[in-house]
Amino acid sequence: QKEVEQDPGPLSVPEGAIVSLNCTYSNSAFQYFMWYRQYSRKGPELLMYTYSSGNKEDGRFTAQVDKSSKYISLFIRDSQPSDSATYLCAMSGTGGYNKLIFGAGTRLAVHP
Amino acid sequence: GAGVSQSPSNKVTEKGKDVELRCDPISGHTALYWYRQSLGQGLEFLIYFQGNSAPDKSGLPSDRFSAERTGGSVSTLTIQRTQQEDSAVYLCASSPIGTGGNEQFFGPGTRLTVL
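Which parts of the structure should I look at to understand the overall build of chain B?
Assigned secondary structure in chain B consists of zero helices and 11 strands. Starting at the N terminus and walking to the C terminus, you meet the elements of chain B as β-β-β-β-β-β-β-β-β-β-β. Viewed in the frame of its principal axes, chain B has a C-alpha envelope of about 40 × 30 × 25 Å. Burial status across chain B gives 48% buried among its 115 residues. Across chain B, contacts joining residues at least 24 apart in sequence account for 52% of those joining residues at least 6 apart. Just so you have it, chain B exposes about 5300 Å², and 46% of that area is on carbon and sulfur atoms. Distance between charge centroids for chain B: 4 Å, based on 10 positive and 11 negative side chains.

Here it is, written out as structure tokens:
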């Protein structure tokens, strides 16, 4: 079993929809949770970064962490075709430096 | 400011040849990471540098893989005697001091194809 599980999709939604992306994990030592967006043939771009449980909002994006369930989510409101990309969750512990453990990535397509 | 840069962007090589991949991190970032992204495997950690030292090499898949960092800046990942299973996108990331490595900024990657 992988430490981080993420449904690879693809997920196809109409423009304007609310998108929900999720990851589950098994390692209770994870404390930091990130979401990256990766366009085709580009490097991952950091979207959201949260520490421990709770919610964080940035524009149309909301990240949620539920450590008791080992479950994290990214919500995208009013989705746009430009949001079409692969979304990667990543997480790390508190070892003083942190290699990131990634999910497989969910491919999202927002169609006009 | 300038982001993380990597060169070459694409590399095609023959099985058994050696390759060198280069990473230029964001200026002032003390931490540098190499990852590999391949189909079916996702993004896998390879090695981490703090300054010129590599405290964690645990992700290097075999002794054919090595990396160095000089001047606390540029890093080179070397793969000797390449194999077809080495084909992947090799990504470099850097992180500023004070973030514990939790904010990592990625370069565009080097796409390696071993024929």
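After presenting the structure, the write-up continues.
Please explain the interface of chain B and chain A as it appears in this structure.
Buried accessible area, meaning the area lost when the parts come together, often serves as the stated size of an interface. Contacts between chain B and chain A engage 20 residues on the former and 19 residues on the latter. Carbon and sulfur atoms make up 52% of the surface buried where chain B meets chain A, a total of about 1700 Å² over both sides. Area buried by chain B at its contact with chain A is led by Leu43, Asn102 and Phe106 of chain B, which between them contribute 33% of it. Taken together, the connections running from chain B to chain A amount to zero salt bridges.

Is there a simple way to explain unusual backbone geometry in this structure?
Trans is the prevailing form of peptide bonds, just as negative phi is the prevailing case for residues other than glycine. The step from Gly9 of chain A to Pro10 of chain A runs through a cis peptide bond, and the omega angle for that step is 10°. Checked against the element boundaries, Pro10 of chain A lands in the loop between β1 (4-5) and β2 (11-14). For the bond from Ser7 of chain B to Pro8 of chain B, the omega torsion is -10°, close enough to zero to count as cis. Position of Pro8 of chain B among the secondary structure elements: in the loop between β1 (5-7) and β2 (10-13). Located in the positive-phi region is Ser52 of chain A, a residue other than glycine, with phi close to 60°. Relative to the elements of secondary structure, Ser52 of chain A occurs in the loop between β5 (45-51) and β6 (54-58).

Please explain the environment of Phe30 of chain A as it appears in this structure.
Residue and element names in this part refer to chain A. For Phe30, the position within the fold is in the loop between β3 (19-25) and β4 (32-38). Spatially, the C-alpha atom of Phe30 lies 4.2 Å from that of Gly93, the residues being 63 residues apart in sequence. If we skip the residues at most four places from it in the chain, Phe30 touches Glu3, Val4, Tyr25, Lys67, Met91, Ser92, Gly93 and Ile101.

Help me out: how do you make sense of the side chain of Thr82 of chain B in this one?
As for its position among the elements, Thr82 of chain B is in the loop between β8 (75-79) and β9 (88-95). When near neighbours in sequence (up to four residues on either side) are disregarded, Thr82 of chain B contacts Thr13, Glu14, Lys15, Gly16, Lys17, Val19, Arg64 and Val114 of chain B.

Looking at this model, I keep getting lost on the sheet that holds strand β3 (residues 19-24) of chain B. Mind explaining?
Sheet strands line up and pair through hydrogen bonds in the backbone, either parallel or antiparallel. Residue and element names in this part refer to chain B. Read from one edge of the open sheet, four strands run β1-β3-β8-β7, paired in antiparallel fashion. If you trace the sheet from one side to the other, it starts and ends with β1 and β7 (65-69), each paired once. Sheet twist, expressed as the mean angle between neighbouring strand axes with direction ignored, is 15°. Across five bridges, β7 lies against β8 in antiparallel orientation. Paired with Arg69 across the strands is Ser75, a residue of β8.

I keep staring at the state of the cysteines and nothing clicks. Help me out?
Every disulfide links exactly two cysteines, by a covalent bond between their sulfur atoms. Residues and elements named next belong to chain B. If you walk through the whole model with that rule in mind, you get two disulfides over all chains. Here Cys23 pairs with Cys92 through a disulfide, and the sulfurs are 1.9 Å apart. In this structure, the disulfide formed by Cys23 and Cys92 twists by about -65° around the S-S bond and is classed as left-handed. Here Cys23 is found in strand β3, whereas its partner Cys92 is found in strand β9, with 69 residues between them in sequence. The class of Cys23 is buried, set by a relative accessible area of 0%.

Each value, and the rule that gives it
- Residues numbered from 1 in each chain as written.
- Chains lettered and ligands numbered in written order.
- Predicted model: local features only at pLDDT ≥ 70, side-chain atom pairs only at ≥ 80, totals over all residues.
- Heavy atoms only, no water.
- Helix = DSSP H or I, 4+ residues; strand = E, 2+ residues; numbered from the N terminus.
- Buried < 20%, exposed > 50% of the residue type's maximum accessible area, 1.4 Å probe, protein only.
- Contact = heavy atoms within 4.5 Å.
- Areas by Shrake-Rupley, 256 points an atom, 1.4 Å probe, with all protein chains shown as cover.
- Lys, Arg positive; Asp, Glu negative; His and termini not counted.
- Charge placed at Lys NZ, Arg CZ, Asp CG, Glu CD.
- Buried area = accessible area lost by both parts, 1.4 Å probe.
- Salt bridge = Lys/Arg side-chain N within 4 Å of Asp/Glu carboxyl O.
- Pairing = 2+ DSSP bridges.
- Axes fitted to C-alpha atoms, helices over the stretch in contact; angles between N-to-C directions.
- Disulfide = S-S within 2.5 Å.

None of this, on its own, says anything about what the molecule does.
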